[in-house]
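# What the coordinates show
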Amino acid sequence: MRDDDVRALLDRAAGPGDLPPDLAGTVVTAARARRRRRVAVAAVAAVLAVAGGVTAALRPGGAPAPGPASVLAPADQELLEAGVGSPVPAERIVAAGRAGDESIVALDRPPGEGRSGKVAEVWVSRGGRPYELLRDHLVYDGGCLTGDAVCAEVAPTGLGMYLVRKRDGRVFVLAQAPAGRTVAVDGRPAGPAPHGVVVPVEAADPWEVQVHVVLPDGRRYRLPPQPGIVLGG
Amino acid sequence: MSGDDFTAFVAHSGPRLLRYAVLLCGDRGEAEDLLQETLIRVYPRWHRLREQQPEAYVRRALTNRAVSRWRSPWHRRRVDGVPERPVPGDELGRADDRQVLLAALRSLPDRMRAVVVLRYWLGCTEQEAAAELGCSVGSVKSQASRGLARLRATVGTATAQEAGR
């Protein structure tokens, strides 16, 4: 079967492409109804938040228990959810940052998918457009480099993750480390990064980038490069 | 927001997008739902999109949404048997013929099907298909090759059954 044959076969399988009657009208009506529902839900949430705040303020010494807030700006969160197609809870955001003219977010993959180690998916947004999926399987916290005793010791508490973004001749590293630790990229300190930090690097070969995590006592371990961490395109 | 613009876009690009969705889902009804859901989400941003390449954008959104659906715990892949090959030649025969082909497509795993559609129907390069699906070029290569082999075997079996009749 040649490529042309496959194309012809698929073309036949696709059928005539007759749209359901008044698809555009149905879509416009449904989109407006959806928007109204979202506005109503947001209004109710705002009222509840205000009411909760007032109640907490009236309670001596009381304060509302803070839920995890997204590390993204509200507009960015909206673009992310538009791309993902569903709400994205703050707990799913492993790391986020801005690399050049694009925003990058690494999201923890939902639980329940049998696998070892943790897996993230990487989304990017440019020019205020909704996020697009760049990589759907990026392993992190998956293990240590052979002989890295510090890494092996702290592995149960989480190691962190990094990826290398290569685009338009520029290379950026998005790195994340658990709270209380700092990150160093190619030997340069990049500070704490519980929600990720972006560092531009000069690297002829992105695979040569080295990311270390420094513990409060000064010991350090290297984040192992995982398959697929170099993201082009 | 111009509803007329959007209506014209749906009339013009909708059939191509629906055909893409049919191949992506391997099922006409599911494809109509997917397209409608995607357009509902795209419509609020139409005023910005219409200046760009809205068809490419919606196609990408269809792919993303299909991938999200496949990952959903509610998604259960339906693998039907490939129906018997119909007598060709008439309109009904052609419709049944499509069912045979769609069933063959449905027998492929979701991602493999998407790779085959992107590579061989849309004519994407391996790099473009990888970017579209958020996976590696190596994965696209292997899935395309295995998908093609499985499609060839499935359709070939149905054709042999027809010839043996």
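Here the structure is a predicted model, which means the values were calculated and not measured.

## Some words on the overall build of chain A
Helix and strand counts for chain A come out as 4 helices and 12 strands. At a minimum sequence separation of 6, the contacts of chain A that also span at least 24 residues come to 46%. Surface exposure of chain A reaches about 11900 Å², of which carbon and sulfur atoms provide 58%.

## Quick look at the state of the cysteines
All names here are of chain A. Applying the stated criterion across every chain, the model contains 1 disulfide over all chains. Here C144 engages in a disulfide with C151; their sulfurs sit 2.1 Å apart. Between C144 and C151, the disulfide has an S-S torsion of -80 degrees and is therefore left-handed. With a relative accessible area of 30%, C144 lands in the partly exposed category.

## Some words on the interface of chain B and chain A
Facing the 45 residues of chain B at the interface are 41 residues of chain A. Taken together, the two surfaces of chain B and chain A that pack against each other cover about 4000 Å², and 59% of this comes from carbon and sulfur. Counting every contact that joins chain B to chain A gives 3 salt bridges. Between R60(B) and E132(A) there is a salt bridge, and its shortest N-O distance comes to 3.3 Å. Inspection of the region where chain B meets chain A yields 9 residue pairs in polar contact (both at pLDDT 80 or more). Element by element, the count of residues in the side of chain B that touches chain A is highest for helix 1 (residues 3–25) of chain B, at 9 residues. A breakdown of the residues in the side of chain B that touches chain A according to their chemical character gives 24 nonpolar, 7 polar and 14 charged.

## Thoughts on the sheet that holds strand 11 (residues 220–222) of chain A
Residues and elements named next belong to chain A. Taken together, 4 strands build an open sheet; the order of strands is 8-7-10-11 and the sheet is antiparallel. Edge positions in the open sheet fall to strand 8 (188–192) and strand 11, since each of these has one partner strand only. Strand-to-strand twist in this sheet, taken as the mean axis angle between neighbours without regard to direction, amounts to 25 degrees. Here strand 10 (residues 211–214) runs beside strand 11; their pairing, made up of 3 bridges, is antiparallel. Looking at the pairing, V213 lines up with Y221 of strand 11.

## Things to note about the pattern of salt bridges
For the structure shown, the criterion picks out 16 salt bridges over all chains. In this structure, D136(A) and R111(B) form a salt bridge, with 2.7 Å as the shortest nitrogen-oxygen distance. Of this pair, D136(A) sits in strand 4 (residues 132–140) while R111(B) sits in helix 6 (residues 110–121), on two different chains.

## As for the sheet that holds strand 2 (residues 102–108) of chain A
All names here are of chain A. An order of 1-2-3-4 is seen for the 4 strands of this open sheet, with the pairing classed as antiparallel. The open sheet is flanked by strand 1 (93–99) and strand 4, the only strands paired with a single partner. Taking the axes of each pair of neighbouring strands and ignoring which way they run, one obtains an average angle of 20 degrees across the sheet. As paired elements, strand 3 (residues 118–126) and strand 4 share 6 bridges and run antiparallel to each other. Opposite V124, over in strand 4, you have E132 as the bridge partner.

## Some words on the confidence of the model for chain A
Parts of the prediction with low pLDDT should not have their coordinates interpreted in detail. On average, residues of chain A carry a pLDDT of 84, and 85% of them reach 70 or more. Long-range and interchain partners of residues 62–67 of chain A, a stretch whose pLDDT sits below 50, account for 3 contacts in this model, where long-range means more than four residues apart.

## Thoughts on the environment of P54(B)
Residue and element names in this part refer to chain B. With respect to the element layout, P54 can be found in helix 4 (residues 54–71). Once the C-alpha coordinates of P54 and F6 are considered, the two residues, 48 residues apart in sequence, prove to be 9.9 Å apart. Filtering out sequence-adjacent residues up to four positions away, P54 remains in contact with F9, W46 and L49.

About the thresholds
- Every chain is numbered independently, its residues counted from 1 as its sequence is written.
- Starting at A for chains and at 1 for ligands, labels are handed out in the order in which the entities are written.
- Per-residue local features of the predicted model are confined to residues with pLDDT of at least 70, and side-chain atom pairs are confined, for both listing and counting, to 80 or more; whole-chain, interface and lining totals are unaffected and use all residues.
- As a convention, hydrogens and water are excluded, and side-chain values are obtained from all of the structure's heavy atoms.
- Only runs of H or I of at least four residues qualify as helices and only runs of E of at least two qualify as strands under DSSP, and these elements are numbered from the N terminus.
- Contacts: residue pairs with any heavy atoms within 4.5 Å of one another.
- Only the protein chains shown count as cover for residues, and the accessible areas themselves come from Shrake-Rupley with a 1.4 Å probe.
- Cysteine sulfur atoms are paired as a disulfide whenever they come within 2.5 Å of each other.
- Burial here depends on accessible area, computed with a 1.4 Å probe over protein chains only, as a share of the maximum for the residue type. Under 20% is buried, over 50% is exposed, and the range in between is partly exposed.
- A quick way to say it: buried area is the sum, across both parts, of accessible area lost when two parts are put together, with a 1.4 Å probe.
- Here, a salt bridge means any Lys or Arg side-chain nitrogen found within 4 Å of an Asp or Glu carboxyl oxygen.
- Under this definition, polar contacts are N or O atom pairs within 3.5 Å; protein pairs additionally need one hydrogen-donor-capable and one acceptor-capable atom, and for neighbouring residues in sequence, both atoms have to be side-chain atoms.
- Residue polarity is assigned by list, with Asp, Glu, Lys and Arg as charged and Ala, Val, Leu, Ile, Met, Phe, Trp, Tyr, Cys and Pro as nonpolar; anything else, Gly included, falls into the polar class.
- Two strands pair if DSSP finds at least two bridges between them.
- The angle between two axes is taken between their N-to-C directions and runs from 0 to 180 degrees, where each axis is a line fitted to C-alpha atoms and a helix contributes only its stretch in contact.
- Along the chain, pLDDT gives the predictor's confidence residue by residue, from 0 to 100.

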